[in-house]
Amino acid sequence: MKSHVLTGEHFINGDEACAEGAIAAGCKFFGGYPITPATEVAEQISIRLPQVGGTFIQMEDEIAAMTSILGAAWTGVKSMTATSGPGFSLMMETVGLAVVTETPCVVVNVQRAGPSTGLPTQGAQADMMQARWGSHGDYEIIALAPSSPQEMFDLTITAFNLSETYRTPVFIMSDEIVGHMSEKVIIPEARKIKTVSRPRPTGRKDRFLPYKPGPNGVAPMPAIGDGYNVHVTGLTHDEKGYPVMSVETQKEMMARLLGKIRNNLDDIILTEEHRLEDADIVVVSYGVSARTAYTAVEEARQMGIKMGLLRLITVWPFPEEKIRSLAKRVKGFITVEINMGQICREVQRFAGLTPTYLAGHPGGAIIPPEDVLKIAKEALA
Amino acid sequence: MKYWRVPLDTGEIQVTRGRVHIIEERCKGCGYCIEYCPREVLQFSRKFNKKGYHPPEVKEEECLNCHYCELLCPEFAIFSIAAEKAES
Amino acid sequence: MKNSSTTATPHPLEDLVRMDRIPHIWCSGCGTGSVFTSCLTAIKQSGIPYNQFAMVSGIGCSGRGAGYINIDSFHTTHGRAIPFATGIKMARPDLKVIVFSGDGDLCAIGGNHLIHAARRNMDIIVICVNNLTYGMTGGQVAATTPFKAKSSTTTLGNPDTPFNLPLLAYAAGATYVARWTMLHARDLTDAVQTAIARKGFSFIEVLSPCPVNFGRRNREKSLDTLRKYHENTIVKNGAHPSELDVDFNKGVILGTFVNVDRPTCDEVYRKMYWPAEEPKEQRKTG
Ligand code: SF4
Ligand code: SF4
Ligand code: SF4
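Here is what the cut-offs are and how they apply
- Residues numbered from 1 in each chain as written.
- Chains lettered and ligands numbered in written order.
- Predicted model: local features only at pLDDT ≥ 70, side-chain atom pairs only at ≥ 80, totals over all residues.
- Heavy atoms only, no water.
- Helix = DSSP H or I, 4+ residues; strand = E, 2+ residues; numbered from the N terminus.
- Buried < 20%, exposed > 50% of the residue type's maximum accessible area, 1.4 Å probe, protein only.
- Contact = heavy atoms within 4.5 Å.
- Pairing = 2+ DSSP bridges.
- Axes fitted to C-alpha atoms, helices over the stretch in contact; angles between N-to-C directions.
- Near = heavy atom within 4 Å.
- Nonpolar A, V, L, I, M, F, W, Y, C, P; charged D, E, K, R; others polar.
- Buried area = accessible area lost by both parts, 1.4 Å probe.
- Salt bridge = Lys/Arg side-chain N within 4 Å of Asp/Glu carboxyl O.
- Core = buried A, V, L, I, M, F, W, Y, C linked by side-chain atoms within 4.5 Å.
- Domains from an automatic or database assignment.
- Polar contact = N/O pair within 3.5 Å; in protein donor to acceptor, adjacent residues only side chain to side chain.
- Lys, Arg positive; Asp, Glu negative; His and termini not counted.
- Phe/Tyr/Trp six-rings, centres within 6.5 Å; stacked < 30°, edge-to-face > 60°.
- Lys NZ or Arg CZ within 6 Å of the ring centre and 35° of its normal.

Engineer: Talk me through the overall build of chain A; I want residue IDs and the actual numbers.
Structural biologist: If you tally the helices and strands in chain A, you get 13 helices and 16 strands. In terms of overall dimensions, chain A has C-alpha extents of about 70 × 45 × 40 Å along its principal axes. Counting every position in chain A, which comprises 381 residues, the buried fraction comes to 62%. Here the contacts in chain A between residues at least 6 apart in sequence split such that 75% fall between residues at least 24 apart.

Engineer: Go over unusual backbone geometry, please, and point to the residues and values.
Structural biologist: In this structure, the amide linkage connecting A:Thr36 to the following residue, A:Pro37, adopts the cis form with an omega of 5°. Structurally, the position occupied by A:Pro37 is in the loop between strand S2 (27–32) and helix H2 (39–51). Backbone geometry places A:Arg167, a non-glycine residue, at a positive phi of 50°. Its location among the elements puts A:Arg167 in the loop between helix H6 (149–166) and strand S8 (169–175). Given a relative accessible area of 1%, A:Arg167 falls into the buried group. Even without being glycine, C:Leu132 reaches a positive phi, approximately 70°. Looking at the secondary structure, you find C:Leu132 in the loop between strand S4 (124–130) and helix H5 (165–172).

Engineer: Please set out the sheet that holds strand S3 (residues 96–102) of chain C residue by residue, giving values where relevant.
Structural biologist: As summarised here, the arrangement of the nine strands in space is S10(A)-S2(C)-S1(C)-S3(C)-S4(C)-S6(C)-S5(C)-S8(C)-S7(C), forming an open sheet in which the pairing is mixed. Unpaired on one side and paired on the other, strand S10 (231–233) of chain A together with strand S7 (233–235) of chain C mark the two borders of the sheet. Put simply, the sheet's adjacent strands are angled 20° from each other on average, direction ignored. Each of strand S5 (176–181), strand S6 (202–207) and S7 of chain C touches helix H8 (residues 222–231) of chain C; the most contacted strand, S7(C), lies at about 40° to it.

Engineer: Please give an account of the site of ligand 1 that cites residues and values.
Structural biologist: Around ligand 1, the neighbouring residues are B:Val20, B:Cys37, B:Pro38, B:Val41, B:Cys63, B:Leu64, B:Asn65, B:Cys66, B:His67, B:Cys69 and B:Ser80. Looking at the shell around ligand 1 residue by residue, the classes come out as eight nonpolar, three polar and no charged.

Engineer: How would you summarise the interface of chain B and chain C if you had to cite specific residues and measurements?
Structural biologist: Chain B puts 41 residues into the contact, and the matching count from chain C is 46 residues. With both chains or domains summed, chain B and chain C bury close to 3,500 Å², and 56% of this area falls on carbon and sulfur atoms. On inspection of chain B and its partner chain C, the count reaches one salt bridge. B:Arg26 serves as the salt-bridge partner of C:Glu14, at 2.8 Å between the closest nitrogen and oxygen.

Engineer: So what about the site of ligand 2? Which residues, and what values?
Structural biologist: B:Cys27, B:Lys28, B:Gly29, B:Cys30, B:Gly31, B:Cys33, B:Pro56, B:Cys73, B:Pro74, B:Glu75, B:Ala77 and B:Ile78 make up every residue found near ligand 2. Here the shell around ligand 2 is built from residues that sort into eight nonpolar, two polar and two charged.

Engineer: Which residues make up the nonpolar core, and what are the values?
Structural biologist: Core analysis: the biggest nonpolar cluster contains 162 residues, and A:Ile45, A:Met80, A:Phe171, A:Met307, A:Phe333 and C:Phe201 have the highest contact counts within it. Built from parts of two domains, this core gets at least three residues from each of domain 1 (8–192) and domain 2 (271–380) of chain A. Not counting residues within four places of it along the chain, the set of residues in contact with A:Met307 comprises A:Arg275, A:Ala279, A:Ile281, A:Val283, A:Ala296, A:Val297, A:Ala300, A:Arg301, A:Val372, A:Leu373 and A:Ala376.

Engineer: Residues and numbers for the pairing of strand S8 (residues 252–259) of chain C, please.
Structural biologist: All names here are of chain C. Of all the eight residues making up S8, six are buried; the element is thus mostly covered by neighbouring parts of the structure. As defined by bridge partners, S5 adjoins S8 across four bridges and the pair is classed as antiparallel. Bridge assignment links Tyr176 to a residue of S8, and that residue is Asn259. Where S7 and S8 come together, three bridges link them in parallel fashion. By the bridge assignment, Val235 is partnered in S8 with Leu254.

Engineer: Explain the interface of chain C and chain A to me, and be specific about the residues and the numbers.
Structural biologist: Interfaces are frequently sized by the accessible area removed from exposure as the parts join. Across the contact, 45 residues belong to chain C and 47 residues belong to chain A. Buried area between chain C and chain A, both sides added, is near 3,800 Å², and the carbon and sulfur share of it is 58%. In this structure, the connection of chain C to chain A is made through two salt bridges. Between chain C and chain A we count 26 residue pairs in polar contact (both at pLDDT 80 or more) in total. Elements with a contribution of two residues or more to the side of chain C that touches chain A: strand S1 (53–57), strand S2 (73–75), helix H2 (81–91), helix H4 (111–120) and helix H9 (265–273) of chain C. The element that contributes the greatest number of residues to the side of chain C that touches chain A is H2(C), accounting for seven residues. Across the side of chain C that touches chain A, the residue classes tally to 18 nonpolar, 16 polar and eleven charged. Pairing analysis gives three bridges linking S10(A) to S2(C), with the strands arranged parallel. Bridge pairing in S2(C) links A:Thr233 to C:His75.

Engineer: Can you break down the side chain of B:Glu70 residue by residue, with the values?
Structural biologist: Among the secondary structure elements, B:Glu70 is positioned in helix H3 (residues 68–72). No salt bridge forms around the buried B:Glu70; measuring N to O, its nearest opposite-charge neighbour C:Lys44 is 8.3 Å away. Only 2.8 Å separates the side chain of B:Glu70 from the side chain of B:His67, close enough to count as a polar contact. Residue contacts for B:Glu70: discarding those within four places in its chain leaves B:Ile78, B:Phe79, B:Ser80, C:His11, C:Pro12 and C:Thr37.

Engineer: With reference to specific residues and values, describe the domain arrangement of chain A.
Structural biologist: Residue and element names in this part refer to chain A. Looking at chain A, the domain boundaries give domain 1 (8–192) and domain 2 (271–380). Taking only C-alpha atoms, the centre of domain 1 and the centre of domain 2 are 26 Å apart. Listed by partner, the interface residues are 29 residues for domain 1 and 23 residues for domain 2. Across the interface of domain 1 and domain 2, roughly 1,900 Å² is buried in total on both sides, 55% from carbon and sulfur atoms.

Engineer: Any chance you could break down the packing of aromatic side chains for me, citing the residues and the numbers?
Structural biologist: Tallied over the full model, the rule gives 13 aromatic pairs over all chains. Residues C:Trp26 and C:Phe36 carry aromatic rings whose centres are separated by 5.6 Å and whose planes lie at 70° to one another, so their mutual orientation is edge-to-face. With C:Trp26 in the segment before helix H1 (32–46) and C:Phe36 in helix H1, this pair connects stretches of sequence that are ten residues apart. Just as C:Trp26 is buried, C:Phe36 falls in that class too. Linked through ring pairs, B:Phe76, C:Trp26, C:Phe36, C:Tyr68 and C:Phe100 together constitute an aromatic cluster. In this structure, A:Arg132 is placed above the aromatic ring of A:Trp316, and the distance from its NZ or CZ to the ring centre is 6.0 Å. The residue whose ring lies beneath A:Lys205 is A:Tyr228, and the NZ or CZ to ring-centre distance is 5.1 Å.

Engineer: Describe the pattern of salt bridges, with residues and values.
Structural biologist: The tally for this structure, following the rule as stated, stands at 37 salt bridges over all chains. Its salt-bridge partner being A:Glu164, residue A:Arg198 comes within 2.9 Å of it at the nearest N-O pair. Of this pair, A:Arg198 sits in the loop between strand S9 (182–187) and S10 while A:Glu164 sits in helix H6, and the two are 34 residues apart along the sequence. Neither A:Arg198 nor A:Glu164 differs from the other in exposure class; each is buried. Between C:Glu205 and C:Arg179 there is a salt bridge, and its shortest N-O distance comes to 2.7 Å. Taken as a pair, C:Glu205 in strand S6 and C:Arg179 in strand S5 lie far apart in primary sequence, 26 residues in all. Via salt bridges that share partners, C:Lys89, C:Asp123, C:Lys199 and C:Glu267 belong to a single interconnected network.

Following this line, the structure appears as structure tokens:
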């Protein structure tokens, strides 16, 4: 069988790489709505999906786009949408539905500066807390932050794999700069790409409990037509999927929803460490900002400052243990991010008495390495 | 009069006779079946079900097995089944 | 045997109902259960295996429908049943996808999705239970509440003009448009059966009483509403959708107003976009 993975070296932008990652991951449905700077994801995948027997549909708004991918997911296919801040806001209610119905799907947010319409063509990383808490109610979510077009490809596959493993929406928190940046992207051979598909139930159809978790805390997921006659609701529900309006059921359901993420942190949390072994100052960064943070580390080292980088590939769930253990031996943290201190607060929560600084920016530009160096010098002075 | 319209399948149903089945505990006493049975087969009974409603009961009239009560009942509480052809 | 007491024979629809969830939440005298029964009867009579169907509901009293049917069923967010159904349909065009929801859900908060699904001729069946109000939240004014009718948020009467829903669906491009009341249970069942058998976007409006939250404020018991459905309606198949305002003083027109063929969204997409020879790795996903 002919592979539809475009194995080889390409010079493409992050948005296009994301679309290719989705194809390589086995995505078969994309519900979209145009928005700068995420439109190219939809454009590219609209061409690619029909070539692999998949379906692209441009919906009437982002709410519909997000909802359509949940419907598609329940037919047994991998599904996805892509947007930016304003659309991300509109999708939030449906994200909650995806969480509570344990529907796997991938949502790409190519972030731009806000609030509101903000700077549509200029990057930011200011939706990070919205990614964590944007839908109402308590929940856990997975969010990955690619730093390059190559990672837009790689992490899109990771996002699908995590969403299929944990039956949860996974966010790819990119930004305008990475989305529009063109770089070399290496697409491996199809057989070398690891893809995961949700386990489907087997066994008696009449006794099946669609929300009874398996060993990793996740239940196998039937598709429409498999004959399991599942009921899927946004109401608080029991293991059968039936609404039960009771405190106990709410507790049980929440324990399951939170537990399947919290009990699998080692599998979900991906970080990259650079020169951390002897670092006095740890730069915590992610996405495009990790690129300038990396430069800052190199320059600091030349100046004799012992700086290291902790790059968050998984931003949510947050690698709190990592921060806690670093806090015991380093002199300070500098969080580098294009916002006014969203992940910085998170670092602060786990840094204890270790001072935490922000190298931030309100949006529209990257954080220059000089800003990071200046803060480092003051911190160590 | 209750003959507000002739059922589309009049031809068929006049030859059959039905037996109405009532699942009393499900009834919420809306009275739709009683009011709109084309034969006025039903009436409210005097008894109460557990929910506190009076379920319908069958009067002397013969059920046509038209299934209209079955379609109209919001509670899946009443239906008709063709009676065994004893007399014909 | 006369004066039969309770029966041990199961109701004929029990294989299609989640009996472990009955009694349902609908009030005594609510018409939603009647509409639901007609819908289930049509599904049963279609003879199509139940696993070829999916039901999607939004939020509201009739939005609970999906919770009672014993097939794959989805109770989604407020207003979003149609885009959810769209996702199902486009990913699995062989399925019969039925949206069962209310007027507030489908035509107010979800109005945008309704018109776009109609425009695309999305091959789904939309059963819109129109009770003229927001029942579940206690009877607030809706986009379908008659002019001057009372509601909990228009205590002196509704100052706004309601939607003529068949006209809206027709104007947006629906290829099958019908209106019945829950009392016209046979016609309604036939309409749902017709919609199941055909391809394209089918919109069936069903007038249905909400005695508890609309009737109470407008001096109407459920049997009074049914009397209006009986006496103040006119069956006029093929009537122009512009004549279809819901005004019981003038008489409300019922019937099938639109039934035309037009290629459906999934058909056109696959024809235009999929390579002539369908790739092997597609399908069998479902
Ligand atoms: S089946 Fe028809 S005739 Fe018989 S009780 Fe029901 S409505 Fe009346
Ligand atoms: S229609 Fe059903 S719920 Fe209403 S009175 Fe008759 S049996 Fe009872
Ligand atoms: S509130 Fe109205 S629409 Fe809702 S269940 Fe009760 S009668 Fe029916």
